[in-house]
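An overview of the molecular structure
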Amino acid sequence: MSDVLDRPDAGAGFAVVGTRPVRPDGFDKVTGRAAFGADLVMPGMLTGRIKRSPHAHARILGIDARKALALPGVKAVVTGADFPDLASELVEGGEAASNMRDLAVNVMARDKALYEGHAVAAVAAISPAIAEAALDLIEVTYEPLPHVIDVEAAMAPDAPLLHAHLFTEGLESRPTLPSNIAKKHQFVRGDVDAALAAAEVTVEGRYTTKAVHQGYIEPHACVAAMSPDGQCQVWSSSQGHFMVRTYCAKVLALDISDIRVTPAEIGGGFGGKTTVYLEPVALALSRAAGAPVKLVMSRDEVFRATGPTSGGVIEVKLGATRDGTITAAEVTLKFQAGAFPGSPVGTACMTALACYDVPNFRIVGWDVVTNSPKVAAYRAPGAPISAFGVESAVDQLARKLGADPIELRAKNGARNGLKAPYGPTFQAIGYQETLQALKDHPNYAVPLGPNQGRGVAVGFWFNVGGESTAAVHVGEDGTATVVTGNPDIGGSRASMAIMAAEVLGVAAEDVRPVVADTASIGYSMLTGGSRTTFATGMAVVRAAEKVVDELKRRAAGIWSVPVEQVAWQGGKAICLDPAKGDTPPLTLKGLAGQSARTGGPISAEVSLNAQGAGPGFAAHLCDVEVDPETGHVKVLRYTAAQDVGRAIHPAYVEGQMQGGVAQGVGWALNEEYIFDAEGRMENAGFLDYRVPVASDLPMIDTVMVEVPNPRHPFGAKGVGEAPIVPPLAAVASAVSQAIGVRMADLPLSPPKIRAAIDAKGA
Ligand code: MOS
């Protein structure tokens with residue numbers, strides 16, 4: 001069941017926005033024609049393979065590639081020595097900044113292997129079999145070192161040290177010794193200690209989560225070719241080919257203009273494809289071998305060597321009055337960053353209390369390096385983890401007060417005009433409306449049976465804007481092409497076509513959306529931060545408006561009237577000059593057909609830096625039933641309400657909401673990185689790392705609440721990330737109610753639930 005709330009302004013006056021045309025890329029995807037990262041074949045192409053560290057932490061004493069290079073069919077071997085050493089430099093990738101020195105060392109290890117799976121060498125050969133054989137012939141001499149993966153263990157003063165150059169940032173004075181604590185983040189308002197001491201009711205808890213992977217179905221893959229004159233071609237699957245271009249240029253010390261990146265179709269990213277792993281290595285191999293090189297990861301490599309998100313510890317104390325006014329909140333977050341600094345603990349701090357109006361708070365976050373893969377962005381990076389702690393604590397408070405969990409959240413909830421904990425003042429947010437929609441939903445009134453529980457949780461995500469380019473070209477037959485630089489991950493081709501069609505006054509099917517390579521469209525930040533429909537969409541709207549202006553000029557010329565006497569309505573130029581009252585309208589097709597005589601091709605390109613992304617709020621309701629014999633959790637019903645601004649293509653908004661919930665349920669119930677005593681991942685495959693499949697989930701009910709964003713021409717807000725924020729807590733609170741024990745350590749896998757039930761009975 002799904003519905004758009006009846007708002008007076010919902011859908012008002014739109015012909016195409018809010019409709020549900022079939023996605024333009026759908027046919028190719030369901031028939032298998034779509035070309036993903038591994039699909040490109042180039043003449044003379046070699047196969048690359050990467051040799052990876054078997055140790056979680058080890059000094060690399062030497063690499064001897066002579067035997068591998070002597071194997072017939074092997075064309076090149078590269079190691080860290082083939083890459084320049086970079087200075088520490090933060091580069092904005094579009095979602096989170098990346099340190100280029102760390103990125104380069106993550107791509108290919110230098111003096112140390114920092115996690116199991118860290119790349120230490122790569123080979124290119126004429127066949128996969130020869131490349132595999134060559135990997136075994138590369139001799140790496142290691143000195144194994146003690147390792148640390150648990151976040152609190154890594155914070156201890158005597159923990160094995162990953163980086164001798166790492167001194168904690170964010171402290172009052174620079175520490176005298178290096179440590180694994182990369183950074184302290186802090187957000188403070190009011191006097192939390194006094195407010196907690198004065199509170200009539202307090203709750204407190206300690207919650208933990210494990211590292212989980214984004215779990216995209218398509219492994220990382222690329223083909224790269226460097227010609228003898230240094231011109232580079234890269235074809236790869238990523239969330240942003242301009243990001244790939246920037247990072248390849250940095251890692252290999254090349255000029256951006258010498259690299260052309262073509263986006264392959266992308267089979268899922270969820271934040272995990274906002275960085276590079278393979279592309280610079282493929283270019284280095286291509287340079288050494290003098291031929292194009294393809295690199296494709298196995299699923300095992302994806303798990304061991306690409307970004308999971310952090311495992312974390314979240315400590316929460318809440319103070320409130322007896323009538324349920326939250327007066328104080330103290331939140332401490334400790335996040336695994338993996339092998340290099342940069343966990344999403346900063347955004348976890350910023351989002352932790354963003355749904356609440358709390359006068360006194362202290363939020364402290366610790367970014368901690370560990371001997372595990374460097375974390376990568378994962379959908380609303382950090383927010384699901386902090387929300388798991390905060391929402392679990394709010395659930396405890398509601399139960400302690402005997403309050404309705406939705407009403408308690410509404411009473412203390414963010415409203416327009418509130419200065420958010422992370423700084424800005426909220427405007428045009430739809431949080432209260434979203435809570436109300438959840439409260440009104442029939443699922444909230446379904447009676448619960450034995451062993452069943454119900455959890456409520458809310459979530460926030462900023463959504464971002466940023467730099468985007470779009471071009472709209474009118475063809476000679478009056479159809480249009482809309483060109484952007486953003487890979488289509490969640491249906492953005494459809495939303496771009498819809499927005500251009502709305503402005504042009506034509507059908508969505510008359511607009512062909514194209515994702516162009518880095519040489520064929522202006523710069524565009526990557527597809528992430530739920531920015532594409534908002535920011536790139538704004539560029540599309542502005543470009544289409546320029547095209548309409550031009551069409552009106554052409555019509556004015558044909559009619560010999562001032563352009564002010566021409567209107568554009570329903571895809572036609574209308575003459576407003578009363579003296580020419582019977583002038584028939586000129587259609588887009590008619591104007592396009594005579595464009596050569598009226599000034600040439602009709603097209604426009606707009607580059608902008610979009611500001612004013614509306615933040616997203618989600619409120620979720622989850623009903624579960626726990627089997628007390630096995631500890632298995634069945635999700636009975638799941639209801640997701642969200643302020644979506646304006647749903648440009650409602651089916652893909654619902655899809656984002658359902659997808660976020662599915663991933664969040666997996667995170668809550670089953671998914672986790674499991675390491676052995678040597679720090680090697682034990683479950684690097686989808687058999688042992690269990691993501692939810694269709695049979696694990698009910699139909700996820702969605703309610704799109706439309707509170708339009710005044711800063712977007714059609715009111716769009718980002719929708720892709722907020723829906724993964726509440727599920728961890730919603731599921732955990734439901735399970736806690738079902739078994740009568742507060743479950744604070746994810747995942748809630750059957751053995752843990754059985755143990756909790758046994759401990760309660762004992
Ligand atoms: Mo980002 S986690 O790719 O929106």
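Rules used throughout
Residues numbered from 1 in each chain as written. Predicted model: local features only at pLDDT ≥ 70, side-chain atom pairs only at ≥ 80, totals over all residues. Heavy atoms only, no water. Helix = DSSP H or I, 4+ residues; strand = E, 2+ residues; numbered from the N terminus. Buried < 20%, exposed > 50% of the residue type's maximum accessible area, 1.4 Å probe, protein only. Polar contact = N/O pair within 3.5 Å; in protein donor to acceptor, adjacent residues only side chain to side chain. Contact = heavy atoms within 4.5 Å. Phe/Tyr/Trp six-rings, centres within 6.5 Å; stacked < 30°, edge-to-face > 60°. Lys NZ or Arg CZ within 6 Å of the ring centre and 35° of its normal. Expected span 1.5 Å × (residues − 1). Domains from an automatic or database assignment. Salt bridge = Lys/Arg side-chain N within 4 Å of Asp/Glu carboxyl O. Nonpolar A, V, L, I, M, F, W, Y, C, P; charged D, E, K, R; others polar. Pairing = 2+ DSSP bridges. Axes fitted to C-alpha atoms, helices over the stretch in contact; angles between N-to-C directions. Core = buried A, V, L, I, M, F, W, Y, C linked by side-chain atoms within 4.5 Å. Parallel < 35°, antiparallel > 145°, perpendicular 65-115°, else oblique. Left-handed = near helix turned anticlockwise from the far one by under 90°.

Attention shifts here to the side chain of Ser524. Here Ser524 lies in the loop between β24 (511–515) and α15 (532–559). Owing to a relative accessible area of 1%, Ser524 belongs among the buried residues under this scheme. Looking at Ser524, its side chain comes within polar contact range of the main-chain nitrogen of Thr469, at 3.2 Å. Looking at Ser524, its side chain comes within polar contact range of the main-chain oxygen of Gly522, at 3.3 Å. Sequence-distant contacts of Ser524, defined by excluding residues within four places in its chain, comprise Phe242, Glu467, Ser468, Thr469, Gly485 and Asn486.

Counted under the stated rule, the structure contains 17 aromatic pairs. Ring centres 5.3 Å apart and planes at 10° place the aromatic pair Tyr378 and Trp667 in the stacked group. Of this pair, Tyr378 sits in the loop between β20 (360–369) and α11 (383–401) while Trp667 sits in helix α18 (residues 650–669), placing them 289 residues apart in sequence. A residue is classified by how much of its surface remains accessible, and Tyr378, at 1% relative accessible area, is buried. An aromatic cluster of at least three residues, connected via ring pairs, comprises Tyr422, Phe426, Tyr431, Phe460, Trp461, Phe462 and Phe617. Seen from the ring of Tyr652, Arg23 lies directly overhead, with NZ or CZ sitting 5.0 Å from the centre. Here the basic side chain of Arg174 rests over the ring of Phe167, its NZ or CZ set 4.0 Å away from the ring centre.

This part takes up helix α7 (residues 241–252). With twelve residues, α7 should reach 16 Å at 1.5 Å per residue; the first-to-last C-alpha distance of 16 Å fits that figure. The element α7 is extensively covered by neighbouring structure, given that eleven of its twelve residues are classed as buried. Directly after α7, the chain includes Ala253, whose backbone phi takes a positive value near 55°.

Further remarks concern unusual backbone geometry. Of note, the amide linkage connecting Leu746 to Pro747 takes the cis form, showing an omega dihedral of -5°. Not every positive phi belongs to a glycine, and Arg379 is a case in point at roughly 20°. Within the secondary structure, Arg379 is located in the loop between β20 and α11. Residue Ser560 is not a glycine yet carries a positive backbone phi of 55°. Checked against the element boundaries, Ser560 lands in the loop between α15 and β25 (566–569). Look at Ser560 and you get exposed, because its relative accessible area is 62%.

So, about the domain arrangement of the protein chain. Here the domain parsing of the protein chain yields domain 1 (1–12 + 420–463 + 614–762) and domain 2 (465–610). Placing a centre on the C-alpha atoms of domain 1 and another on those of domain 2 gives a separation of 38 Å. Contacts between the two partners involve 16 residues from domain 1, matched on the other side by 16 residues from domain 2. There are zero salt bridges connecting domain 1 and domain 2. Applying the counting rule to domain 1 against domain 2 returns two residue pairs in polar contact (both at pLDDT 80 or more). When grouped by side-chain class, the residues that make up the side of domain 1 that touches domain 2 number seven nonpolar, seven polar and two charged.

A separate point is the sheet that holds strand β11 (residues 201–209). In space, the five strands of this open sheet follow the order β10-β20-β19-β18-β11, with mixed pairing throughout. The sheet terminates laterally at β10 (181–189) and β11, the two strands that pair on one side only. Looking at each pair of strands side by side, their axes are set apart by 5° on average, direction ignored. Relative to strand β19 (residues 326–338), strand β18 (residues 312–320) runs antiparallel, the two sharing nine bridges. Considered in β19, the bridge of Ala320 is made with Ile326. With respect to the sheet, helix α10 (residues 345–352) is in contact with β10, β19 and β20, its orientation differing from that of β20 by roughly 165°.

Taken in spatial order, the three strands of this open sheet run β25-β26-β27, and their pairing is antiparallel. Each of the sheet's edge strands pairs with one partner strand only, and the pair in question is β25 and β27 (586–587). Both strand β26 (residues 572–575) and β27 contribute to a ladder of two bridges, which runs antiparallel. Each bridged residue has a counterpart across the sheet, and for Lys572 the counterpart in β27 is Thr587. In the packing of α15 onto the sheet, contacts are made with β25, β26 and β27, and the angle to β25 comes to roughly 130°.

Let us now look at the pattern of salt bridges. Under the counting rule described, the total for this entry stands at 41 salt bridges. Across the pair Glu407 and Lys439 runs a salt bridge, and its minimum N-O distance is 2.7 Å. Of this pair, Glu407 sits in helix α12 (residues 405–411) while Lys439 sits in helix α13 (residues 431–440), and the two are 32 residues apart along the sequence. The exposure class of Glu407 is partly exposed, given its relative accessible area of 43%. The shortest N-O distance in the salt bridge between Arg493 and Asp488 comes to 3.2 Å. Note on Asp488: relative accessible area 2%, which makes it buried. Within the structure, one salt-bridge network assembled from shared partners comprises Arg23, Asp25, Lys29, Glu265, Asp488 and Arg493.

Residues Val331, Leu333, Ile363, Phe426, Tyr638, Val735 and Ile753 are the most contacted members of the largest nonpolar core, which totals 108 residues. Core analysis: the second largest hydrophobic core is formed by 49 residues, Ala480, Val482, Phe534 and Phe714 among them.

Here we come to the pairing of β25. Looking at chain direction, β25 and β26 are connected through four bridges and run antiparallel. Across the sheet, residue Ala567 finds its bridge partner in β26, namely Ile574. In textbook terms, the turn of a hairpin is the stretch between consecutive antiparallel strands, and for β25 and β26 this stretch comprises two residues, one of which, Gly570, has a positive phi near 55°.

One can describe the packing of helix α14 (residues 492–504) onto α15 by two numbers: an axis separation of 9 Å at closest approach and a directional angle of 30°. Between α14 and α15, the angle is such that the two are roughly parallel. Handedness of the crossing formed by α14 with α15: right-handed. Touching Ser492, Ser495, Met496, Met499, Ala500, Val503 and Leu504 of α14 are Thr532, Thr533, Thr536, Gly537, Val540, Val541, Ala544, Glu545, Val547 and Val548, all from α15. The residue inventory of the contact of α14 with α15, partitioned by class, reads ten nonpolar, six polar and one charged.

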